[in-house]
Amino acid sequence: MTPARGKGAAAQPAHGGRLVVVSNRVTVIRGKQATQAGGLAVGLLAALKEAGGLWFGWSGETTTDAPGPVRTQTAGGIGYALTDLSVDDLEDYYNNFANRTLWPLFHYRIDLATYEPHWYAAYRRVNRFFAERLKALLRPDDLVWIHDYHLIPLAAELRRLGVQNRLAFFLHIPFPAPELYVTMPWQRELALDLCQYDVVGFQTPTDLRQFKNYVELELGRRFDADGWTHVEGRHVLAAAVPIGIEAEEFAQMPYLPEAQRQRQRLKEAIRGRRLIIGVDRLDYTKGIAERLKSFLLLLETLGHDDKSTSFMQISAPSRSDVPEYVNLRVEVETLAGHINGRFSDSDYVPLRYINRSFSRTALAGFFHLSAIGLVTPLRDGMNLVAKEYVAAQNPDDPGVLVLSRFAGAAGELDGALIVNPYDLHQVARAMQAGLGMPLDERKDRWERMMAKVRHFDIRGWWTKSMRLLREATPPQRES
Ligand code: ADQ
């Protein structure tokens, strides 16, 4: 691979002009909205601003007839190109193939993955539709950065239309072990589709290794020491590029008036109790039901008379059109009711279960107050909540992060209490250990984690991704 050129490299591209970002769902972000946008959107906006670019994807609107033409607009100095989708295509491409086939499979839940040929047909059809619409917008020197599992075949569809631009892909979710991946009838086609990109980025070295293992075992192609392989006439570079957060901005957030107000409200409500917090989308990959069972074990250990601990689980509704998510909601609500039924008293409610989202500023305030951040996914690409929890701590009195070994973030945040979320007793013990941890140890662990959160921040992620997209040169091009 061409040597990296250092941080300023993005300003002097070796290849290309505009950056074109493609993601399934695009929301036009105007002015102040940027401060409440998620870290990913903030990172992509920053990359787009620096390179002067265009963001293309689904508008969030559906039509019963054929979708109208692509709508373009500019906001905050960035161009947007949005397309609607037909209701039927959206159902089978997004709700079904993306969220009921790829999502569970890539998160190791083959028991929940459905393999339905007409869903796959819709997935390919929508990717072809996106490719046709995107091609009409592309200039020859544009660099195209495509995001996530909804769009794996987009490069292949663009290549079929004759597009020669440099194309990169980033997978936000895990890449599964080959033994699981091969259960999907279309595994080979989708893996070959990935090889139509110039660069494929994964969250962690583990995901990268799984992909390489698959390519070596099933496609019979080897990778060189720099991460290149050659498949069906194309060179592709596979790399781990861990995503991060806006570390410094998030560290300042708990001191904003809105965060202080929210923190104060919560502080008054918990009346001196130690707070454990969990924040996730309501998704079966996040291990929310298992987490509540571990909390129940902790309450049983502490006994009915101990009312020193309060747990707040914030679960934002997610994919509520998908049956597996409806079932999960019922399961979690039943457990929450059971816990409070057993352990509440006239002056004590152990669990606050909140089924809605909060602003990022409010979350930062809650994190700052919490003695334990409980981040226990059963499988997660990275998990930004873990990093946000660390960034929002008070350096003089930081809380403890209890983190699943199956979150990508566990590879970086070695100052956390690392747990196996399937081992409910171990998670309960980790909570107890965290609640009793001396200040010196908490500080030491937090400082180690905060250094990593700063090091692998969102800017580092997009800068490295851009560098690979612009500069990565396959072995034969060098000679
Ligand atoms: P997600 O699965 O959505 O992301 P995560 O990385 O934790 O998971 O990001 C969620 C974001 O939403 C965080 O910024 C968090 O603060 C916010 N959020 C979660 N619950 C919320 C709530 N109740 N109210 C308000 N905000 C809430 C996917 C992958 C991850 C990967 C990211 C980025 O599944 O593994 O880390 O993409 O690549």
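Please read these numbers as outputs of a predicted model, since none were measured by experiment.

Trainee: Describe helix α12 (residues 323-343), naming the residues involved and giving the relevant values.
Mentor: Taking 1.5 Å of rise per residue, the 21 residues of α12 would be expected to cover 30 Å, and the 31 Å separating its terminal C-alpha atoms lies within 8% of that figure. Among the residues of α12, those classed as buried are E324, Y325, L328, V332, L335, A336, I339, N340 and F343. Down the axis of α12, the buried set is contained in an arc of 125°. They therefore lie on one face. In α12, the exposed positions that point more than 90 degrees away from the buried face belong to N327, V330, T334 and G341. Of the surrounding secondary structure, the elements contacted by the buried residues of α12 are α3 (87-106), α11 (288-302) and β12 (351-354).

Trainee: Residue-level account of the nonpolar core, with values.
Mentor: Formed by 95 residues in total, the largest nonpolar core has its most connected members in F130 and L154. Structurally, this core is a two-domain feature, drawing no fewer than three residues from each of domain 1 (19-244 + 459-471) and domain 2 (247-456). Non-local contacts of L154, meaning those with residues more than four positions away in its chain, are made with V22, N127, F130, A131, L134, I146 and Y197. In terms of nonpolar packing, the next biggest core, distinct from the first, is built from 70 residues, A41, Y80, A386 and L401 among them.

Trainee: Tell me about empty space enclosed by the protein, residues and numbers included.
Mentor: Tallied over the entire structure, the rule returns one cavity of 30 Å³ or more. Each pocket or cavity is described by its volume, and for the largest cavity that value is around 50 Å³. W145, A168, F169, F170, V199, G201, V241, S465 and L468 together form the lining of the largest cavity. Of all the secondary-structure elements, those providing two or more residues to the lining of the largest cavity are β6 (166-170), β7 (199-202) and α17 (458-471). Top element by residues in the lining of the largest cavity is β6. It accounts for three residues. Per-class residue counts for the lining of the largest cavity are seven nonpolar, two polar and no charged.

Trainee: Got a sec to walk through the sheet that holds strand β11 (residues 309-316)? Specific residues and values, please.
Mentor: Here we have six strands laid out as an open sheet, ordered β12-β11-β10-β13-β14-β15, and parallel in their pairing. Both outer strands of the open sheet, β12 and β15 (417-419), are each paired with one neighbouring strand and no more. The average angle at which neighbouring strand axes cross in this sheet is 15°, direction not considered. Note: strand β10 (residues 274-281) against β11, eight bridges, orientation parallel. What sits directly across from L275, in β11, is S310.

Conventions used here
Sequence order as written defines the numbering, with residues in each chain counted from 1. Local features in this predicted model are restricted to residues of pLDDT 70 or higher, and side-chain atom pairs are both shown and tallied only at a pLDDT of 80 or more, whereas totals for entire chains, interfaces and linings draw on every residue. By convention in this description, side-chain values take in all heavy atoms of the structure and omit both hydrogens and water. Helix and strand definitions follow DSSP, with helices as H or I runs of at least four residues and strands as E runs of at least two, each counted in order from the N terminus. A helix is expected to reach a length of 1.5 Å times the quantity of its residues less one. Per-residue accessibility, obtained with a 1.4 Å probe over protein chains only, is compared with the maximum for each type, and a residue is labelled buried under 20%, exposed over 50%, and partly exposed between these values. The arc in question is the one traced by the directions running from the helix axis out to the C-beta atoms. Any two residues whose heavy atoms approach within 4.5 Å are treated as being in contact. Put simply, buried Ala, Val, Leu, Ile, Met, Phe, Trp, Tyr and Cys residues joined by side-chain atoms within 4.5 Å make one nonpolar core. Source of the domain bounds: an automatic or database domain assignment. The way it works is a 1 Å grid over only the protein atoms, where trapped points that fit a 1.4 Å probe form a cavity and open points with protein on both sides within 12 Å along at least five of seven lines form a pocket, and then any residue with an atom within 4 Å of a point lines it. Grid points are joined across faces, edges and corners, and a volume is the space filled by probe spheres set on the points. Only Asp, Glu, Lys and Arg are considered charged in this grouping, and only Ala, Val, Leu, Ile, Met, Phe, Trp, Tyr, Cys and Pro are considered nonpolar; every other residue, Gly among them, is considered polar. Strands were regarded as paired on the criterion that DSSP finds at least two bridges between them. A fitted line through C-alpha atoms serves as each axis, taken over the contacting stretch for helices, and the angle formed by two N-to-C directions is quoted from 0 to 180°.

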